[in-house]
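# Summary of the model geometry
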Amino acid sequence: MRLPLFSQFNYSSKNEETPHIVIQCSYKYETTSRYFITIECKGHPYTREQFFAVRLWLEYILGFELFEIYKDKILVTKIDVALNTNLALSNYLFDSSWSKKVATFTSANGDIETLYIQPKNKSLEICIYDRGAKIRNRGILKKLRSPSRIEFRFGKQKVLLSNYTTNNDSFHKAFVRLKIYDFSKVVDSELFNDDQLMALKSVGLKPYLQKASKCSGTVILATH
């Protein structure tokens, strides 16, 4: 079920970029017999009025009395933090100090469309993608104010909703570990020849440095 938040809303469309709530509920969760309800905030950006509308919907769905009883017992198990940017992904290199795996997906022109840092990691996966390419693949033609997005997908959280805004230590650690390098400055540093620069662009910073380090027995560092 989709619910609007003081915004123009079309029930017959996908409502891309339009803030709204998606609610799913069932008497059975996967293979167990537990009842469950999931509430997901879709679209962006949210205004204070729209966040207030989320609270009103929760109070309406649960009932004010139940909301007051359970608001300090609601458990958040998965959190996605999305940061919209104006970065052209092909002009930058991305890395995270704790990651060991990277997956890169490119367009037919060789431009980066999606980059996963620590893909399918249940604790934290970082997804960096071209939002314009994503919606074009869905057949939606729309000019975006922020053409790219960085998503921090946190799992295994088990954080009380009441602590959601204050228990952000894991968020901060993930943010500061993500490194973004201007590719033009990497070129100007003259640390890499043309073939190495092409490899950096095609396979990504982390896989290239890991392979180069093993082959040469040294650690190669790129500069900002």
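The structure reproduced in this document is the subject of the present report. What you see is a predicted model; the values in this text were computed from it and never measured.

This part takes up the pairing of strand 9 (residues 124-130). The buried fraction of strand 9 is high, at 6 of 7 residues. Two successive antiparallel strands, strand 8 (residues 112-117) and strand 9, enclose a turn made up of 6 residues, where Gln118 displays a positive phi of approximately 60°. Here strand 9 pairs with strand 10 (residues 148-154) via 7 bridges, running antiparallel. Considered in strand 10, the bridge of Asp130 is made with Ser148.

Before going further, it helps to examine the pairing of strand 10. Summarising burial for strand 10: 6 of the 7 residues are buried, a large majority. By the bridge criterion, 7 bridges tie strand 5 (residues 79-85) to strand 10 in an arrangement that is antiparallel. Bridge pairing in strand 10 places Asn84 opposite Arg149.

Here the focus is the pattern of salt bridges. Throughout the structure, instances matching the rule amount to 5 salt bridges. Close ionic contact of Asp80 with Lys78 constitutes a salt bridge, the shortest N to O distance being 2.9 Å. A residue is classified by how much of its surface remains accessible, and Asp80, at 43% relative accessible area, is partly exposed. In this structure Lys78 comes out as exposed when scored by relative accessible area, which is 52%. Here Arg153 ties to Glu151 by a salt bridge, and the two come within 2.8 Å at their closest N and O atoms. Each of Glu125, Arg149, Glu151 and Arg153 takes part in salt bridges that share partners, so that together they form one network.

What counts and what doesn't
- Residues numbered from 1 in each chain as written.
- Predicted model: local features only at pLDDT ≥ 70, side-chain atom pairs only at ≥ 80, totals over all residues.
- Heavy atoms only, no water.
- Buried < 20%, exposed > 50% of the residue type's maximum accessible area, 1.4 Å probe, protein only.
- Helix = DSSP H or I, 4+ residues; strand = E, 2+ residues; numbered from the N terminus.
- Pairing = 2+ DSSP bridges.
- Salt bridge = Lys/Arg side-chain N within 4 Å of Asp/Glu carboxyl O.

Read these as layout, nothing more, since geometry by itself doesn't imply function.
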